[in-house]
Amino acid sequence: MTGAPHRFAPIQRLLHWLMAFCIIAMLFIGVGMVSTVAPKYLPLILIHKTLGVALLILVLARLALRLRLGAPPLPADLPPAIKLGARLSHLLLYGFMIVMPLLGLGMLWAAAYPVVLFGGIEIPALLPQSDRAHTLLWNAHVYLGLAFFALVLLHVAAALFHALVRRDDVFATISPLPQEERMNPAE
Amino acid sequence: MKLPGRPERSSLGALILIAAVLGCSAAAFAFTAGWLSPGRLTPDRMIAALTPPSGPPLGHRRNHAKGICFTGTFEANGNGVELSRAKVFVQGRYPALGRFNLGTADPNAVDATVRVRGLGLQISAADGETWRMAMINPPVFAVSTPDAFHDLLVAAGKKDPEAMAAFIRANPEFAAFAAWAKSAPWTASYAEEPYNSLNSFVFTNAKGDEHAVRWSLVPAATPVPITQAELDKRGPDFLEQDITERVKSAPQRWTMVTTVADPGDPTADPSRAWPESRRKVQVGTLVVQRIEPERDGPCRDINFDPTVLPQGVSVSDDPFPAARSSVYRKSYDLRASEAADYPRSGAAKP
Ligand code: HEM
Ligand code: HEM
Ligand code: HEM
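On a predicted model such as this, the values are computed, not experimentally measured, just so you know.

Moving on, we come to the overall build of chain B. From N to C terminus, chain B includes 8 helices and 10 strands. If one aligns the C-alpha atoms of chain B with their principal axes, the spans along those axes are about 90 × 55 × 50 Å. Accessible area for chain B stands at about 15700 Å²; split by element, carbon and sulfur atoms hold 58% of it.

Written out as structure tokens, the structure reads:
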């Protein structure tokens, strides 16, 4: 076990919880804003775009940290199939976090719609208007958004399963609370 | 303790808790998405109410479906700077792109059957910052709220005349628009119409002073009244032929006039005009120099969303711009996805 950390580094834990909160907010804001014509539509979509772009920057930083600092190992007694599932699901979560904002931006670019964020920051278009590209990106943003929510639910369920049913150390690896770095004799 | 796959009795509570967390999260998500509230006024329901019984105009705008593109220049005279720090108010010339249109969901409507005429406009500053707007020729809007607009569409779509009568009883503000529709003279040209923002916006100048405003494009061409029957005789697409010919022979102009609200004026209700005595500032001139058919024209791909605003202009307490933005977005999503039903003529863009 030498070298492998027992917990995610504090910065990784901070980013995980900050981003978890923001991603869940993004998913709810997304489906909320497209189903209203009320005045709140405008602040909601402004937050959606601004936070979405901020999350794109954050996930890149997070990925860089992940590659440098690594992750604690999963419990040794976890069946290999479950371990693979855990790894794949984390990979997928990272994938969604990167792809969703790009789809959102691309969809607006392909609609010749200016992307103006909070504070009047304007992101220049990297794609020309195209009906076909807009339709593809729009559908991908909508359906992958729903798939993202389903995966987040699965992820939360798995985390709770580790914490409450298996009562192993998986939740402690990412727990936001500063805990004592304990040596687990069972390992 | 840690036997996977064989939860102990104490785990049962935990499993129920997990199921409850998932169930509540999914329910909250479904509620937020409106899946549990069929009564919520969504962009989809607004679009459904706009859709004629014969079906949606595939590939076309879901409202103001018949139109023709123009390009030209906005010539700012500099007077607007006092009211708003929008860059396009600084004296100078700015590229303009727009669309003359008819307020109908039928792209093949006969001109003389459509009362409301509109103009979509985009003005671009030197740095690319854009201002989009979509204005119409009546002096007031038909209703006070987006909900009432939905009610109007539903009532107007019913065969039963009692539906419209009930709508008018519930929305007495409709009378002003109805009076205009009945008695205002028709013209035989897009160039002879005024186009009014109707919705109120807030202008902010360099000092940070804020003013609620509305604006109008007032035509330089003198309106020549014509009866609806005479217009009908000129042909189903006379307006497009007329504007094409007029612009070919000379650029057509409109003065952009901003009206500044006094405190207490009804900024949140586009069905109520402001008193004539309100301060008016001429901020520039729209010059239309070129007309192109919509099918391959530059206005086709633009969503003239009235909330695409430059720095120095923002929405007010008027609920319409937000509602319009959400519905125009959906209309754009749909018409772009149906582009194959309204193919471009050249091999240009897919
Ligand atoms: C809100 C409830 C959440 C809980 C309880 C939770 C819990 C956890 C736990 C226990 C781990 C550690 C797994 C391990 O040791 O390998 C983890 C990792 C992870 N979580 Fe969450 N999480 C939540 C929300 C989210 C959300 C919304 C996302 C968004 C995408 C997310 C993304 C990730 C990723 C990508 C990892 C893998 C980290 C890595 O290996 O680099 N989590 N989470
Ligand atoms: C983590 C990032 C993001 C997530 C999780 C997310 C999620 C969502 C969801 C769930 C919807 C509702 C889809 C529906 O049910 O119709 C949505 C819609 C939308 N999102 Fe995002 N989004 C993200 C980033 C962005 C970004 C960066 C932008 C643009 C800069 C953006 C622009 C939009 C727009 C314009 C819509 C409305 C789509 C339409 O026309 O119907 N999103 N988003
Ligand atoms: C809640 C009320 C309204 C709804 C639901 C509505 C709906 C629509 C829709 C669906 C379109 C087609 C958008 C596109 O596909 O690009 C449209 C276009 C248009 N609307 Fe509205 N509208 C509303 C209020 C208004 C008001 C108050 C005005 C004028 C003051 C207005 C003027 C126009 C004009 C001029 C166009 C054509 C723009 C273009 O050429 O693309 N609308 N409207």
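In this section: the overall build of chain A. Scanning chain A from terminus to terminus reveals 5 helices and 2 strands. A principal-axis box enclosing the C-alpha atoms of chain A has dimensions of 60 × 30 × 30 Å. Per-residue burial over chain A gives 43% buried out of 187 residues. Looking at chain A alone, contacts between residues at least 24 apart form 72% of all its contacts between residues at least 6 apart. Taken as a whole, chain A presents about 10000 Å² of accessible surface, with 77% of it coming from carbon and sulfur. Seen as two clouds, the 13 positive and the 8 negative side-chain charges of chain A have centres 4 Å apart.

Right, let's get into the coordination of the iron atom of ligand 1. Taken together, A:His16 (NE2) and A:His155 (NE2) make up the full set of protein donors to the iron atom of ligand 1, lying 2.0 Å away. Assessed through its relative accessible area of 13%, A:His16 is described here as buried.

Here we take up the coordination of the iron atom of ligand 3. Exactly one protein atom donates to the iron atom of ligand 3; that atom is B:Tyr328 (OH), 2.1 Å from the metal. Of note, B:Tyr328 is situated in helix H8 (residues 320-337).

This next bit is on helix H2 (residues 43-50) of chain B. Residues spaced three or four apart along an α-helix point in a common direction, a consequence of the helix completing one turn every 3.6 residues. Residues and elements named next belong to chain B. Within H2, the full set of buried residues consists of Pro43, Met46, Ile47 and Leu50. Buried residues along H2 cover an arc of 100 degrees about the axis, so they all sit on one side. Taken together, the buried residues of H2 touch helix H3 (146-156) and H8.

Turning next to the nonpolar core. All names here are of chain B. Counting residues in hydrophobic clusters, the biggest one holds 42 residues, and the most contacted among them are Phe100, Leu121 and Trp131. Among the elements that make up this core, the one with the highest residue count is strand S9 (residues 280-293) (5 residues). Residues within four places of Leu121 in sequence aside, it is in contact with Phe70, Ala96, Leu97, Gly98, Trp131, Arg132, Met133, Met135, Leu217, Leu286 and Phe304.

Residue and element names in this part refer to chain B. In terms of strand pairing, strand S5 (residues 195-196) meets strand S7 (residues 210-219) through 2 bridges, oriented antiparallel. Each residue of the ladder has a partner; that of Asn196, found in S7, is Ser216. Of the pairings in the sheet, the one linking strand S6 (residues 201-204) to S7 comprises 4 bridges and is antiparallel in character. Bridge pairing in S7 places Val202 opposite Ala212. Linkage of S6 to S7, two consecutive antiparallel strands, is achieved through a turn of 5 residues, within which Gly208 is found at a positive phi near 95 degrees.

With that out of the way, let us pick up the site of ligand 1. All names here are of chain A. Not every one of the 21 residues close to ligand 1 is listed here, only the nearest: His16, Arg66, Tyr94, His155 and Thr173. In this structure, a nitrogen atom belonging to ligand 1 sits 2.8 Å away from a side-chain N or O atom of His155. Breaking the shell around ligand 1 down by element, the ones donating at least two residues are helix H1 (10-33), helix H2 (41-69), helix H3 (80-109), helix H4 (131-166) and helix H5 (170-174). The dominant element in the shell around ligand 1, judged by the number of residues it contributes, is H4, at 5 residues. Across the shell around ligand 1, the residue classes break down as 15 nonpolar, 4 polar and 2 charged.

Attention shifts here to the packing of H3(A) against H4(A). Packed helix pairs are characterised by how far apart their axes lie and by the angle those axes make with each other. Residues and elements named next belong to chain A. Relative orientation of the contacting elements H3 and H4 amounts to 150 degrees, with a least axis distance of 9 Å. One element, H3, and the other, H4, form an angle in the roughly antiparallel class. Like other packed secondary-structure pairs, H3 and H4 cross with a definite hand, here left-handed. Taking contact as the criterion, the partners of Ser89, His90, Leu92, Leu93, Phe96, Met97, Val99, Met100, Leu103, Gly104, Gly106 and Met107 in H3 are, on H4, His134, Leu137, Trp138, Ala140, His141, Leu144, Gly145, Ala147, Phe148, Leu151, Val152 and His155. Along the lines of polarity and charge, the residues of the contact of H3 with H4 split into 16 nonpolar, 8 polar and no charged.

Attention now moves to the interface of chain A and chain B. The interface of chain A with chain B comprises 39 residues on the first partner and 51 residues on the second. With both chains or domains summed, chain A and chain B bury close to 3800 Å², and 66% of this area falls on carbon and sulfur atoms. Summed over the shared surface of chain A and chain B, the number is 1 salt bridge. A:Asp131 is the salt-bridge partner of B:Arg344, the closest N and O atoms lying 2.6 Å from each other. At the surface where chain A touches chain B, the tally comes to 12 residue pairs in polar contact (both at pLDDT 80 or more). Of all the secondary structure elements, the ones that give two or more residues to the side of chain A that touches chain B are H1, H2 and H4 of chain A.

For the coordinates displayed, the defined rule picks out 2 cavities of 30 Å³ or more. The calculated volume of the largest cavity comes to roughly 70 Å³. Along its surface, the largest cavity is lined by A:Asp131, B:Gly59, B:His60, B:Arg61, B:Glu294, B:Arg300, B:Asp301, B:Tyr332, B:Arg335, B:Ala336, B:Tyr342 and B:Arg344. Looking at the lining of the largest cavity, the element that brings in the most residues is H8(B), giving 3 residues. In terms of residue class, the lining of the largest cavity is made up of 3 nonpolar, 2 polar and 7 charged. Of the pockets and cavities examined, the second largest cavity occupies roughly 40 Å³. Forming the boundary of the second largest cavity are B:Arg132, B:Met133, B:Ala134, B:Met135, B:Ser197, B:Phe201, B:Trp215, B:Pro306 and B:Arg324. A total of 4 residues in the lining of the second largest cavity trace back to one element, the largest contributor, which is strand S4 (residues 130-136) of chain B. Class assignment for the residues of the lining of the second largest cavity results in 6 nonpolar, 1 polar and 2 charged.

Analysis parameters
- Residues numbered from 1 in each chain as written.
- Chains lettered and ligands numbered in written order.
- Predicted model: local features only at pLDDT ≥ 70, side-chain atom pairs only at ≥ 80, totals over all residues.
- Heavy atoms only, no water.
- Helix = DSSP H or I, 4+ residues; strand = E, 2+ residues; numbered from the N terminus.
- Areas by Shrake-Rupley, 256 points an atom, 1.4 Å probe, with all protein chains shown as cover.
- Buried < 20%, exposed > 50% of the residue type's maximum accessible area, 1.4 Å probe, protein only.
- Contact = heavy atoms within 4.5 Å.
- Lys, Arg positive; Asp, Glu negative; His and termini not counted.
- Charge placed at Lys NZ, Arg CZ, Asp CG, Glu CD.
- Donors = N, O, S within 2.8 Å, 3.2 Å for Na, K, Ca; no water.
- Arc of directions from axis to C-beta.
- Core = buried A, V, L, I, M, F, W, Y, C linked by side-chain atoms within 4.5 Å.
- Pairing = 2+ DSSP bridges.
- Near = heavy atom within 4 Å.
- Polar contact = N/O pair within 3.5 Å; in protein donor to acceptor, adjacent residues only side chain to side chain.
- Nonpolar A, V, L, I, M, F, W, Y, C, P; charged D, E, K, R; others polar.
- Axes fitted to C-alpha atoms, helices over the stretch in contact; angles between N-to-C directions.
- Parallel < 35°, antiparallel > 145°, perpendicular 65-115°, else oblique.
- Left-handed = near helix turned anticlockwise from the far one by under 90°.
- Buried area = accessible area lost by both parts, 1.4 Å probe.
- Salt bridge = Lys/Arg side-chain N within 4 Å of Asp/Glu carboxyl O.
- 1 Å grid on protein atoms, 1.4 Å probe; cavity = no way out; pocket = protein on both sides within 12 Å on 5 of 7 lines; lining within 4 Å.
- Points joined across faces, edges and corners; volume = space filled by probe spheres on them.

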